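Summary of the model geometry
Below are the chains, spelled out letter by letter.
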Amino acid sequence: MKKIIRLLKIGQVNHSILHRLKKKLELSFRELSVSVDSLMDIIPLENSEYNIKRSQYNASKILNKINNYAQNERTFRILGIVDKDIFSNSLNFVFGLAMSPKKELTTTPVVALISITRLRENFYRRVDNNKLFESRILKEAIHELGHTFNLGHCNKFCVMQFSNSLADTDEKPSKFCDSCLEKLRSFFKKLE
Ligand SMILES: [Zn+2]
Ligand SMILES: [Zn+2]
């Protein structure tokens with residue numbers, strides 16, 4: 001299967017945000033020979049995914065929906081992007097969620113999801129900063145995609161550091177550390 005990451009809109013998402021994310025992801029994954037494109041489809045959000053009490057959408061339900069979609073597409077990786085606040089189980093909110101490959105050498109699609117809502121400064125009643133916003137989106141996207149390539153959380157100065165808060169996201173780099181990069185290289189080598 002061709003190594004390609006496909007970006008998928010979940011509900012309404014600003015097109016230019018997605019376009020710039022695609023360009024940056026292409027650069028980030030270039031050395032691993034993974035390409036990136038955007039799917040034309042928009043998967044609508046559904047009432048059944050919304051939790052009225054929490055005023056948030058259920059990330060796991062959305063992720064499962066993306067997974068169902070991916071099985072029909074027979075694609076390598078799909079990253080869903082949603083512009084709504086999402087939660088997962090006991091966590092008040094999550095920036096993203098990902099599935100791990102069931103087997104290391106699986107060729108079936110593996111999917112991930114990020115929410116860009118809490119990455120905007122104005123969510124915290126601060127003045128918007130587009131550069132910061134886009135760098136956060138890139139970090140969260142690479143992080144969740146890292147999980148789909150079998151990477152766990154990492155304690156080094158690395159994009160795979162766990163983000164418990166926006167400050168954590170701002171502190172971590174948008175790149176993989178040497179040891180995560182090594183794991184990725186061997187992961188991709190086995191796929192060939
Ligand atoms: Zn993570
Ligand atoms: Zn690392």
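Keep in mind that this is a model prediction, so the values were computed, not measured.

1. Description of the overall build of the protein chain
Secondary structure assignment for the protein chain yields five helices and eight strands. In summary, the protein chain has a C-alpha radius of gyration of 16 Å against a globular reference of 16 Å for 192 residues, a match within 12%. C-alpha extents for the protein chain along the principal axes are approximately 45 × 35 × 35 Å. Per-residue burial for the protein chain yields a buried fraction of 51% across its 192 residues.

2. Description of the packing of helix α1 (residues 15–29) against helix α3 (residues 130–148)
Between α1 and α3, whose axes approach to 10 Å, the crossing angle comes to 55°. By the criterion of interaxial angle, the relationship of α1 to α3 is oblique. In the packing of α1 onto α3, the handedness of the crossing is right-handed. Of the residues in α3, those in contact with I17, R20, L21, K24, L25, S28 and F29 of α1 are N130, F133, E134, I137, L138, A141, I142 and L145. Grouping the constituent residues of the contact of α1 with α3 by class yields 10 nonpolar, two polar and three charged.

3. Some remarks on the sheet that holds strand β4 (residues 56–58)
Read from one edge to the other, the open sheet built from three strands follows the order β3-β4-β6, with strand pairing classed as mixed. Every other strand in the sheet has two partners, leaving β3 (50–51) and β6 (86–87) as the edge strands with one partner each. Pairing between β4 and β6: two bridges, direction parallel. Residue pairing across strands places Y57 opposite I86, the latter belonging to β6. Its contacts with the sheet place helix α2 (residues 59–73) against β4 and β6, and it is angled at close to 50° to β4.

4. Structural notes on the coordination of the zinc ion (ligand 2)
In the first shell of the zinc ion (ligand 2), the protein supplies C154 (SG), C158 (SG), C177 (SG) and C180 (SG), at 2.3 to 2.4 Å from the metal. Each of the four donor atoms bound to the zinc ion (ligand 2) contributes to angles spanning 106 to 112°, and the resulting shape is tetrahedral. Site description for the zinc ion (ligand 2): donor spacing in sequence, C-x3-C-x18-C-x2-C. Taken together, the residues C154 in the loop between α3 and α4 (166–171) and C180 in helix α5 (residues 178–191) connect sequence positions 26 residues apart. Taken as a pair, C154 and C180 share a single burial class, namely buried.

5. Considerations on the coordination of the zinc ion (ligand 1)
For the zinc ion (ligand 1), every protein donor is listed as H143 (NE2), H147 (NE2) and H153 (NE2), and the spread of their distances is 2.0 to 2.1 Å. In the primary structure, the donors to the zinc ion (ligand 1) are separated according to the pattern H-x3-H-x5-H. On the criterion of helical spacing, the pair formed by H143 and H147 is a turn pair, its members being four residues apart in helix α3.

6. Quick word on the nonpolar core
One finds L7, L25, F29, L79, I81, F149 and F176 to be the most contacted residues of the largest nonpolar core, which totals 40 residues. With six residues, the single largest contributor to this core is α3. Core analysis: the next-biggest nonpolar cluster, separate from the first, contains 18 residues, A59, I62, I78 and I86 among them.

7. Some thoughts on the side chain of S115
Within the element layout of this structure, S115 appears in strand β8 (residues 110–115). Within the structure, S115 has its side chain in polar contact with the backbone oxygen of K84 (distance 2.7 Å). Within polar-contact distance, the side chain of S115 engages the backbone nitrogen of T117 at 3.3 Å. S115 has contacts with V82, K84, D85, I86, V94 and F95, leaving out every residue within four places of it along the chain.

8. Side note on the packing of aromatic side chains
Summed over all chains, the structure comprises 10 aromatic pairs. Here the aromatic rings of F76 and F188 are separated by 6.4 Å at their centres, their planes lie at 50°, and the arrangement is tilted. With F76 in the loop between α2 and β5 (77–82) and F188 in helix α5, this pair connects stretches of sequence that are 112 residues apart. Among the aromatic residues, those joined into a cluster by ring pairs are F29, F76, F149, F176, F187 and F188. Directly above the aromatic system of F87 lies the positively charged group of R54, at a separation of 3.8 Å from the ring centroid.

Conventions used here
- Residues numbered from 1 in each chain as written.
- Chains lettered and ligands numbered in written order.
- Predicted model: local features only at pLDDT ≥ 70, side-chain atom pairs only at ≥ 80, totals over all residues.
- Heavy atoms only, no water.
- Helix = DSSP H or I, 4+ residues; strand = E, 2+ residues; numbered from the N terminus.
- Rg over C-alpha atoms; globule rule 2.2 N^0.38 Å.
- Buried < 20%, exposed > 50% of the residue type's maximum accessible area, 1.4 Å probe, protein only.
- Axes fitted to C-alpha atoms, helices over the stretch in contact; angles between N-to-C directions.
- Parallel < 35°, antiparallel > 145°, perpendicular 65-115°, else oblique.
- Left-handed = near helix turned anticlockwise from the far one by under 90°.
- Contact = heavy atoms within 4.5 Å.
- Nonpolar A, V, L, I, M, F, W, Y, C, P; charged D, E, K, R; others polar.
- Pairing = 2+ DSSP bridges.
- Donors = N, O, S within 2.8 Å, 3.2 Å for Na, K, Ca; no water.
- Tetrahedral: all angles 85-135°; square planar, octahedral: opposite > 155°, others 65-115°.
- Core = buried A, V, L, I, M, F, W, Y, C linked by side-chain atoms within 4.5 Å.
- Polar contact = N/O pair within 3.5 Å; in protein donor to acceptor, adjacent residues only side chain to side chain.
- Phe/Tyr/Trp six-rings, centres within 6.5 Å; stacked < 30°, edge-to-face > 60°.
- Lys NZ or Arg CZ within 6 Å of the ring centre and 35° of its normal.

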